[in-house]
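# Geometric and topological summary
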Amino acid sequence: MNNSINKKKLDNLWKRGQNLLGVDYPIMCGAMTWVSEPTLVAAVCNAGAFASLACGNMPSEILEEQITMTRALTDKSFAVNLITVAPNYKTHLDVVVKAKLPVIVFAGAVPKDTEIEYAKSSGAKVLSFASTEALAKRMIRSGVDGLILEGMEAGGHIGPVAGPILWQQILFKFNKEIPIFIAGSIATGKMMAHMLLMGAAGVQLGTRFVMTNECTVHNNFKEVFKRARARDATATPQFDSRLPVIPVRALRNTGSDEFSKLQLQLLQNLSNGKIDRETAQFEVEKFWMGALKKAAVDGDVDAGSLMAGQAVGLADEIKPVKEVINELIIDAAKELDNISELLN
Ligand SMILES: Cc1cc2nc3c(=O)[nH]c(=O)nc-3n(C[C@H](O)[C@H](O)[C@H](O)COP(=O)(O)O)c2cc1C
């Protein structure tokens, strides 16, 4: 870290994030299925920031192994991200409670009050996503320790609302009550500084961390990210209200077209009474898990899913994790100094 940088203003702004996560820099590398595995998580944590291990729908024994592997690579604080709609969710929750992790992140749908209580009984701090004002209020009442607001610009499964609306609806209203982390579209320290000035306790980035040396995804995946423009990361459509699908933001390729075909096929099967809605939705999620693995692990960037946020247009270079984090901090600190001058 460059010693001439004055981090005092940053420390003032993100103190609550530091305390909640137990880190120097409350910059979170969000969980990314098939991407956020022990090597990347440990690299981010060892650089003084924070990361969530993704568990997708992996068998519980693998999750236990991944936690052990991460602990072998870092003695720093990290989280596991639980997807409440994953078929293995309940056993994942048992695993993380038993592992006594410092932080547990609930993603997917809204966790039940009893699940939040159970998670907290292990001593963990609990974070959850909130996509509306009503949900934010409910999560605060349920006793979560922090919220993550993710705008629809983000990569992967997304909500329906753009970040700037969520900031006005939730961040501005509740940031005094509870620490709030902003996710989606952040790729520069300058942007991070403005998020903190708006009242965020920290930030969460996904797409930017794919473009790091320590990220173990297939090189083809990173190469496509390098060339991609912001406009290439588009959200999948929903064709019919009978089959509600959570939109996914990804780079357009044959895999996206395959998803459209799958939706049409499932709708036909629903009309014919061959399957019910739950089975259709399960098939959709199964598709995404498999398609993401195909691209991120096997390197099939044509047929697989290239989940990416629009921040992909700002992530052109592959760098060591430490350099990415240092750049974010240096640029944010400089921006805060510039702003102080402007206001004087
Ligand atoms: C390839 C990829 C996979 C993702 N998988 C998950 C996931 O399994 N669980 C989750 O909560 N979020 C997931 N996300 C969202 C990230 O954790 C993070 O919130 C998001 O990427 C932030 O937005 P950004 O991409 O604009 O930085 C994923 C994002 C990407 C790009």
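Positions within a chain are numbered from 1, following the residues in the order the chain's sequence is written. This being a predicted model, a pLDDT of at least 70 is required before a residue's local features are given, and a value of 80 or more before pairs of side-chain atoms are given or counted; all residues contribute to the totals for chains, interfaces and linings.

What follows concerns the overall build of the protein. The way it works is that DSSP assigns letters per residue, a run of H or I at least four long becomes a helix, a run of E at least two long becomes a strand, and they are numbered from the N terminus. Check the secondary structure of the protein and you find 13 helices and 12 strands. Radius of gyration: C-alpha atoms only; globule rule: 2.2 Å multiplied by the number of residues to the exponent 0.38. For 344 residues, the compact-globule estimate of 2.2 N^0.38 gives 20 Å, and the protein sits close to it at 19 Å. With respect to the principal axes defined by its C-alpha atoms, the protein has extents near 70 × 45 × 40 Å. Counting other C-beta atoms within 10 Å of a residue's C-beta gives its exposure: the residue is buried at 20 or more, exposed at 12 or fewer, and partly exposed in between, where C-beta atoms are placed from the backbone. Per-residue burial for the protein yields a buried fraction of 47% across its 344 residues.

Right, let's get into the domain arrangement of the protein. Domain start and end points were adopted from an automatic or database domain assignment. Domains assigned within the protein are domain 1 (8-217 + 315-343) and domain 2 (229-307). One C-alpha centre belongs to domain 1, the other to domain 2, and the line joining them spans 25 Å. By the criterion used throughout, residues are in contact when their C-beta atoms, derived from the backbone, lie within 7 Å. At the junction of the two partners, domain 1 supplies 12 residues and domain 2 supplies 12 residues. Residue classes in the side of domain 1 that touches domain 2 are distributed as 6 nonpolar, 6 polar and no charged. Think of it as three bins: nonpolar holds Ala, Val, Leu, Ile, Met, Phe, Trp, Tyr, Cys and Pro, charged holds Asp, Glu, Lys and Arg, and polar takes everything else, Gly as well.

What follows covers the nonpolar core. If you look at the biggest cluster of nonpolar residues, it comprises 112 residues, and the most contacted ones within it are V44, I104, L149 and I182. Broken down by element, the residue count for this core peaks at 8 residues, all from helix α13 (residues 321-343). Lining this core are residues from two domains, each supplying at least three of them: domain 1 (8-217 + 315-343) and domain 2 (229-307). Discounting chain neighbours no more than four positions away, the residues touching L149 are A130, L166, W167, I170, L171, I180, I182 and A183. What makes a nonpolar core is a set of buried Ala, Val, Leu, Ile, Met, Phe, Trp, Tyr and Cys residues, with links drawn between C-beta atoms within 7 Å.

Each residue gets a C-beta atom placed from its backbone. Should that atom fall within 6 Å of a molecule or strand, the residue is termed near it. Inspection of the region around the ligand gives 28 residues, with G30, G155, G156, G206 and G309 positioned closest. When residues of the shell around the ligand are traced back to their parent elements, those giving at least two are β3 (79-83), β9 (202-205) and α9 (207-210). Of the residues that constitute the shell around the ligand, the class distribution is 13 nonpolar, 12 polar and 3 charged.

By definition here, a helix of n residues has an expected span of 1.5 Å times n minus one. The end-to-end C-alpha separation of helix α1 (residues 8-21) is 18 Å, in line with the 20 Å expected for 14 residues at 1.5 Å each. The seven residues ending at a residue and the seven starting there each receive a fitted axis; the angle between those axes is the bend at that residue. A maximum bend of about 70 degrees is found in α1 at W14. Those residues of α1 that sit buried are L10, L13, W14, G17, L20 and L21. Two residues or fewer past α1, G22 is found with a positive phi of approximately 70 degrees.

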